[in-house]
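# Structural overview for review
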Amino acid sequence: QVDLSSYLVQFKLGRAKVAIGHTSFGSSRHLISGFSSRGITVTVPVTKRFDFSLAAMNGTNVVGYGNFFGLGKSKHQLQSATLGVELLPKRPGAVRLEFSGVSAYIQALNSVSQGAVNDVERSKGGSVRLIATDKSGRFKFDGGFTRSQYRNPADPLLYQGTNTLASVQIEERRVG
C-alpha cells in the first residue's frame with residue numbers, strides 16, 4: 001500500500017515563485033505566522049519596492065490523495081495575502097512595512113491521529129507590521145498592530161439537540 005503524507009513542488013514563473021503542496025505562509029506573529037498545510041502559495045516581486053504574496057491552504061493537515069491540492073473543500077480553507085513595501089529599496093530589509101489579511105473557515109472535520117472534538121470556526125483579520133534594522137544587523141525592530149475576529153457558527157452536528165450556549169464572538173487587537 002502506498003499513501004501520500006507530504007509533497008512540495010516549487011517553481012518560478014518569470015519573477016513569481018509558486019509553491020504547491022505542503023507549504024507554510026505568514027509572517028505576522030499575531031495574525032498568521034508560519035501556518036503549514038497543503039495548498040498553494042504565490043509570491044510576486046512587483047518592483048524593487050513592492051512585493052505581494054497570496055496563499056490558499058487547507059484548514060487542517062491533509063494526508064492521502066483525496067484532497068491533492070488542499071483546496072477540495074471551499075469551506076475548509078484559509079486564504080491570506082501580504083503586501084510588502086521596502087521603504088529604502090537601495091537597502092532591502094532596512095525598513096519594511098507589511099500589510100496582511102486573512103480569512104478562514106474551518107469545518108468540524110477529524111484528521112489523522114487527532115483525538116479531539118472539532119467545532120466549526122470562522123475568523124478574519126488584518127495586520128500592519130514594521131521591520132527595521134541597522135546596517136550591521138545588530139539592532140533590529142519588529143512591531144505591529146493586529147485586529148482579528150473569531151466566531152463559532154452554529155454546528156447542529158456537534159450539539160445534536162442538546163441545550164448548549166452559543167460561544168461569544170471574540171474581537172482582539174494586539175500591538176507588539
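Structure's up top.
Heads up: these notes are all about the structure in this document. These numbers come from a predicted model, not from an experiment.

### Thoughts on the overall build of the chain
Broken down by element type, the chain carries one helix and nine strands. Moving toward the C terminus, one meets the helices and strands of the chain in the order β-β-β-β-β-β-β-β-α-β. Considering the chain as a whole, with its 176 residues, one finds that 30% of them fall into the buried category. Entry remark: accessible area of the chain is about 11,200 Å², with carbon and sulfur atoms responsible for 57%.

### Let's talk about the pairing of strand β1 (residues 8-13)
Counted residue by residue, β1 has zero buried out of six residues, so it is predominantly exposed. Note that β1 and strand β2 (residues 16-28) share six bridges and pair antiparallel. What sits directly across from Leu-13, in β2, is Ala-16. Following β1, the chain reverses through two residues before pairing antiparallel with β2; Gly-14 in that reversal takes a positive phi of roughly 65 degrees.

### Structural notes on the pattern of salt bridges
This structure, assessed with the given rule, holds five salt bridges. The partner of Glu-98 in a salt bridge is Arg-96, with the nearest N and O atoms 2.9 Å apart. Accessibility expressed as a relative area gives 8% for Glu-98, which makes it buried. What makes Arg-96 buried here is its relative accessible area of 13%.

### Notes on the environment of Met-57
Within the element layout of this structure, Met-57 appears in strand β4 (residues 50-58). Note: C-alpha distance between Met-57 and Thr-41 (16 residues apart in sequence) is 8.0 Å.

### Topic: the packing of aromatic side chains
For the structure shown, the criterion picks out zero aromatic pairs. Between Lys-75 and the ring centre of Tyr-105, over which it is positioned, the NZ or CZ distance is 5.6 Å.

Parameters at a glance
- Residues numbered from 1 in each chain as written.
- Predicted model: local features only at pLDDT ≥ 70, side-chain atom pairs only at ≥ 80, totals over all residues.
- Heavy atoms only, no water.
- Helix = DSSP H or I, 4+ residues; strand = E, 2+ residues; numbered from the N terminus.
- Buried < 20%, exposed > 50% of the residue type's maximum accessible area, 1.4 Å probe, protein only.
- Areas by Shrake-Rupley, 256 points an atom, 1.4 Å probe, with all protein chains shown as cover.
- Pairing = 2+ DSSP bridges.
- Salt bridge = Lys/Arg side-chain N within 4 Å of Asp/Glu carboxyl O.
- Phe/Tyr/Trp six-rings, centres within 6.5 Å; stacked < 30°, edge-to-face > 60°.
- Lys NZ or Arg CZ within 6 Å of the ring centre and 35° of its normal.

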